[in-house]
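# Architecture and fold: a report
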Amino acid sequence: MCEKSKDDTPGIKYDQEPSSEKDAAAELKPSVSGKKSIFATSGSEMNPPTGMTPAEEAFEARTRKAKTHAGGLKLFSGNGNMALGLEIARQLDLNLGKATVGRFADGEVNVIIHENVRGKDCFIVQPTCPPVNDNIMELLLMVSTLSRASARRISVVIPYYGYARQDRKMQARVPISAADIARLMEAMGIDRVIAVDLHCGQIQGFFGPRVPVDNLDGGVIGVDYFGSKDLHNPVVVSPDAGGVYRAKKFKEGLAHKFDLDAGLAMIIKQRARAGSVDQMDLVGDVTDSDCIIVDDMIDTAGTMCKAAEVLLEKGARRVFAFASHGLLSGPGNDRIANSKMEEVVILNTLPTSPQREANEKLTQLSVAELLAKAIFNIHAKRSVSALFK
């Protein structure tokens, strides 16, 4: 039988950053970026104060051992967003697991794990972003490979969940694709899902009770960013009725962390067809206000740009926007660059591009620290909800 050869297609990374297979001390190297790890300990933490009882010293020893993961944590990444995977690894003071995730000459996905994962707690970072189907197939085969290699637990970190908008039947003879993708992943043997701002909360219910889903709130990163800005009479705006709860949480975050008494408004949109908005009506007062449009994703940016125009027509001073997922499909990036918005803030749940970096109105914040903390808390059997208190 002839062996398939790898395709030399540019842009596909076959080998990830290697990691040691020795004990925890060999695995946990200092961050190469020079940035302090979220788990770095001070001298007083590494050397407990004298006068402790034997029980307290034993507790301190167990705590320090938990901070070094006990050598059981393995982090892998597909090609969906390798930069984010590397950033999470730096936050955790780990190296990405050594693996091959590439293509055979005929386009089939080629997955090889190059290190021992037997009995390990494995996490796979792979957003199912465009090219959606390729990234989903990579994720499924990576899960299968780790499962067949006797990994103790397999958790998938999906910063952006593809097919999330197809979460119900809007007409006859259409699939509920978000549920079908969940069933595919569950059938492959995943044990846990970590996502960021799912398009709708009921997607968590598409997974069975044996697969818990942690839906992280990316809005906390936006709250920290906008809370440090000099905003005049701020008003948080939801671009549709379904996003009012998200906008309300953003408003409450500003009030809790920065004591900002922000208002709340909503835009009611009527779609002529998918991706096209026919009419917009504003509910609320935005006169002489700095508005922040809060949404979970920006696709072609048509809705966002038209909403900004409506707000300015109603008397808003400035219009900002925040979204966890910046898809910016088709003309999305150009529309934002030519829009009347002051600034559009997104998270790096999807890979960036030179066109995005050249857009002066586009600001990208990192979600790596939030994901790293969630991964560590899950591995150490700690609360994930504590990250948002």
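Residues numbered from 1 in each chain as written. Predicted model: local features only at pLDDT ≥ 70, side-chain atom pairs only at ≥ 80, totals over all residues. Heavy atoms only, no water.

## Examining the environment of Ser385
- Following the sequence through the fold, Ser385 ends up in the segment after α12 (368–379).
- On the accessibility criterion, Ser385 (44% relative accessible area) is partly exposed.
- In this structure, the C-alpha to C-alpha distance between Ser385 and Asn215, residues 170 residues apart in sequence, is 9.8 Å.
- A distance of 3.0 Å separates polar atoms of two side chains, one belonging to Ser385 and the other to Ser383. (Helix = DSSP H or I, 4+ residues; strand = E, 2+ residues; numbered from the N terminus. Buried < 20%, exposed > 50% of the residue type's maximum accessible area, 1.4 Å probe, protein only. Polar contact = N/O pair within 3.5 Å; in protein donor to acceptor, adjacent residues only side chain to side chain.)

## Things to note about the side chain of Glu138
- Following the sequence through the fold, Glu138 ends up in helix α5 (residues 132–148).
- The residues touching Glu138, leaving out its near neighbours within four places in the chain, are Gly78, Asn79, Gly80, Val101, Arg103, Val109 and Gln126. (Contact = heavy atoms within 4.5 Å.)

## Topic: the pattern of salt bridges
- Overall, the coordinates contain 15 salt bridges when judged by the stated rule.
- Of the charged contacts in the structure, one is a salt bridge between Glu115 and Lys74, with a shortest N-O distance of 2.8 Å. Within this pair, whereas Glu115 is found in the loop between β3 (109–113) and β4 (121–125), its partner Lys74 is found in strand β1 (residues 73–77), the two being separated by 41 residues in sequence.
- Between Lys257 and Asp224 there is a salt bridge whose closest N-O contact spans 3.0 Å. Placement of Lys257 in helix α8 (residues 244–258) and of Asp224 in helix α7 (residues 219–227) is noted, with a sequence separation of 33 residues between them.
- Assessed through its relative accessible area of 46%, Lys257 is described here as partly exposed.
- For Asp224, a relative accessible area of 38% corresponds to the partly exposed category.
- Salt bridges linked by common partners bring Asp288, Asp290, Arg317 and Arg318 together as one network. (Salt bridge = Lys/Arg side-chain N within 4 Å of Asp/Glu carboxyl O.)

## Details of α5
- In this model α5 runs 24 Å from its N-terminal to its C-terminal C-alpha over 17 residues, within 8% of the 24 Å that 1.5 Å per residue would give.
- By the burial criterion, the buried members of α5 are Asn135, Ile136, Glu138, Leu139, Leu140, Met142, Val143, Ser144 and Leu146.
- Those residues of α5 that are buried lie in contact with β1, β2 (99–103), β3, β4, β5 (153–158) and α6 (177–188). (Expected span 1.5 Å × (residues − 1).)

## Focus on unusual backbone geometry
- Note that the residue after Pro130, namely Pro131, is joined by a cis bond; omega there is -5 degrees.
- When you line up the elements, Pro131 lands in the loop between β4 and α5.
- Even without being glycine, Asp93 reaches a positive phi, approximately 55 degrees.
- By secondary structure assignment, the location of Asp93 is in the loop between α4 (82–91) and β2.
- You will see that Ala301, though not glycine, has its phi angle at about 70 degrees, which is positive.
- Its location among the elements puts Ala301 in the loop between β11 (290–298) and α9 (302–313).
- A relative accessible area of 4% places Ala301 in the buried class.

## Describing the packing of aromatic side chains
- As enumerated under the stated definition, the model contains five aromatic pairs in all.
- Here the aromatic rings of Tyr161 and Phe207 are separated by 6.4 Å at their centres, their planes lie at 80 degrees, and the arrangement is edge-to-face. Taken together, the residues Tyr161 in the loop between β5 and α6 and Phe207 in the loop between β6 (192–196) and β7 (213–216) connect sequence positions 46 residues apart.
- Residue classification places Tyr161 among the buried residues on the basis of a relative accessible area of 4%.
- Look at Phe250 and Phe322: their rings are 5.7 Å apart centre to centre, the planes differ by 35 degrees, and that puts the pair in the tilted class. In this pair, Phe250 is assigned in helix α8 and Phe322 in strand β12 (residues 318–326), connecting sequence segments 72 residues apart. The residues Phe250 and Phe322 share a single accessibility class, namely buried.
- One aromatic cluster is present, formed by Tyr225, Phe226, Phe250, Phe320 and Phe322 through successive ring pairs. (Phe/Tyr/Trp six-rings, centres within 6.5 Å; stacked < 30°, edge-to-face > 60°.)

## Some thoughts on the packing of α4 against α12
- Their axes nearest at 9 Å, the elements α4 and α12 cross at an angle of 60 degrees. One finds that α4 runs oblique with respect to α12. The chirality of how α4 crosses α12 is right-handed. Facing α4, whose interface residues are Leu84, Glu87, Ile88 and Gln91, α12 presents Ala368, Glu369, Leu371, Ala372 and Ile375.
- Tallied by class, residues from the contact of α4 with α12 come to six nonpolar, one polar and two charged. (Axes fitted to C-alpha atoms, helices over the stretch in contact; angles between N-to-C directions. Parallel < 35°, antiparallel > 145°, perpendicular 65-115°, else oblique. Left-handed = near helix turned anticlockwise from the far one by under 90°. Nonpolar A, V, L, I, M, F, W, Y, C, P; charged D, E, K, R; others polar.)

In short, the description is geometric, and any link to function would need to be established separately.
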